[in-house]
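So the chains spell out like this:
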Amino acid sequence: KLKKIKSVKFIVGGSISKDTWLKGTNEIDIFAKFDYNKFKDKNDKISSFLWKELKKYFKVNTVHGSRNYFHVNYKNFIFEIVPILDIKSPEQALNVTDISPLHINFVKKYPKIKDEVRLLKSFCKANNLYGAESYISGFSGYALEILVIYYKSLKNVLRNAAKWKPKVIIDIKKAVKDPLRELNPSKIVSPLILIDPVDKSRNVSSSLSMENFEKFVKLSQNYLRNHSEKFFTERNEIPKESFVLKIIPSKGKKDVIGAKAVKVMNYIKNKLDENEFLVSNKGWFWNKEIIFWFKVKNKKLPLEEVHKGPPADMEKNVREFKKKHKSIFLKKGIYYANLKREYIKVEDLINKLLKEGYVKERVKEIKWK
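Because the structure is a prediction, the values reported are computed rather than measured. (Residues numbered from 1 in each chain as written. Predicted model: local features only at pLDDT ≥ 70, side-chain atom pairs only at ≥ 80, totals over all residues. Heavy atoms only, no water.)

Caption draft 1: Molecular detail of the overall build of the protein. If you tally the helices and strands in the protein, you get 13 helices and 14 strands. Along the first, second and third principal axes, the C-alpha atoms of the protein reach 80 × 45 × 45 Å. Scored against the burial criterion, the 369 residues of the protein give a buried share of 44%. Taking contacts inside the protein between residues at least 6 apart in sequence as the whole, the part at least 24 apart equals 60%. Accessible area of the protein: about 21,500 Å², with a carbon and sulfur share of 49%. Averaged over its 78 positive side-chain charges, the protein has a centre that lies 3 Å from the centre of its 42 negative ones. (Helix = DSSP H or I, 4+ residues; strand = E, 2+ residues; numbered from the N terminus. Buried < 20%, exposed > 50% of the residue type's maximum accessible area, 1.4 Å probe, protein only. Contact = heavy atoms within 4.5 Å. Areas by Shrake-Rupley, 256 points an atom, 1.4 Å probe, with all protein chains shown as cover. Lys, Arg positive; Asp, Glu negative; His and termini not counted. Charge placed at Lys NZ, Arg CZ, Asp CG, Glu CD.)

Caption draft 2: Seen up close, the sheet that holds strand β1 (residues 8–12). Here we have five strands laid out as an open sheet, ordered β1-β2-β5-β4-β3, and mixed in their pairing. At either margin of the open sheet sits one strand with a lone partner, and together these are β1 and β3 (60–63). Taken over all neighbouring pairs, the strand axes of this sheet differ in orientation by 30 degrees on average, direction set aside. Here β3 pairs with strand β4 (residues 69–74) via four bridges, running antiparallel. Among the inter-strand pairings, valine 63 is bridged to a residue of β4, identified as tyrosine 69. (Pairing = 2+ DSSP bridges. Axes fitted to C-alpha atoms, helices over the stretch in contact; angles between N-to-C directions.)

Caption draft 3: Layout of the packing of helix α6 (residues 141–151) against helix α7 (residues 154–161). Across the interface, α6 lies against α7 with an axial gap of 8 Å and an inter-helix angle of 95 degrees. What the angle tells us is that α6 and α7 run roughly perpendicular. Residues Leu147, Val148 and Tyr151 of α6 lie in contact with α7, whose contacting residues are Asn156, Val157 and Asn160. Split by residue class, the contact of α6 with α7 holds four nonpolar, two polar and no charged. (Parallel < 35°, antiparallel > 145°, perpendicular 65-115°, else oblique. Nonpolar A, V, L, I, M, F, W, Y, C, P; charged D, E, K, R; others polar.)

Caption draft 4: The arrangement of the environment of asparagine 266 in detail. Within the secondary structure, asparagine 266 sits in helix α10 (residues 254–274). Between the C-alpha atoms of asparagine 266 and serine 7, which are 259 residues apart in sequence, the distance is 47 Å.

Caption draft 5: View of the packing of aromatic side chains. A full pass over the atoms with the stated rule returns 24 aromatic pairs. Both rings, one in phenylalanine 34 and one in phenylalanine 39, keep their centres 5.0 Å apart while their planes meet at 80 degrees; by these two values the pair is edge-to-face. You'll find phenylalanine 34 and phenylalanine 39 in the same group, each marked buried. Residues phenylalanine 58 and tyrosine 74 carry aromatic rings whose centres are separated by 6.2 Å and whose planes lie at 90 degrees to one another, so their mutual orientation is edge-to-face. Residue phenylalanine 58 is located in the loop between α3 (46–54) and β3, and its partner tyrosine 74 is located in strand β4; the two are separated by 16 residues in the primary sequence. Phenylalanine 58 gets classed as buried once you look at its relative accessible area, which sits at 15%. By way of ring pairs, the aromatic residues Phe123, Phe139, Trp164, Phe213, Phe216, Tyr223, Phe231 and Phe232 are connected into one cluster. (Phe/Tyr/Trp six-rings, centres within 6.5 Å; stacked < 30°, edge-to-face > 60°.)

Keep in mind these numbers describe shape, not what the thing actually does.
In structure tokens, the structure reads:
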């Protein structure tokens, strides 16, 4: 059906094209390649051209981005059809997606590593580290492929990762002498600098957060101590005595939905800490619905909290402090006040937060599970 569309060349992309896909994959990337010389001056029009052609044969869902792309549901598969310019070098790229076929060509030069890549992808997926989307802040599939190409095997990746400390620099082609000086500052914020072997100006792991970098290092250390299959199995475990919330997300682009949901989780976490319930652990997973869980150090707090005031020798500040607060006391030259606490039980604060506008405008529905 796609071949009926003239002026466009379609190729399979992503992990399917590189033979590094995981079992259960039902999303297939298709790149719609437009002739560079013909379309370079009107590359902003290729999305609308592709949409008009696709809708002749399929029911098409538009996904908005720097250049719109499309989802087509066909025989229980989701085909993600992405318009790109057919380029020969990264310098010709007018959009980040234009470089994708060059990535495919690079990875396909190393056919022996594909099963090692699958193992590393499974390791990261099982531990919520697989995905460069903003709500995951983990490793892209391409980043994991480069790591295996560089270190040769899963075990070597984990042996080396167990010793990582920020900032780790990996440059397969040794194309950049001093990445921390030569790369754009926005590209070197992440704790891992993984130079793209196709485009030396790009850090493939720029999306990786410090939290997930440290998590990957710790998981690597734990795996080396205990070679268990549990590291490759999605567990979605919720620790005992956790507070569990269920989110029904709004419709839309998955990356946007996920980012909003994670903002809600972090907002609730920060409010719990501000009110001294102190989150000791948290996590989330996303199947049909999004599940967040929190463990706190204090489920119940005293009726009053101690508020620190000024030193005794700051007379003006002390007078103001005494006017503002009734129950005050002096300890080691500093005044303190006893204040009635707004929230005694953690459930009371969470219930209040679930009704706030910040939360309700970012998710369709959120409630206790």
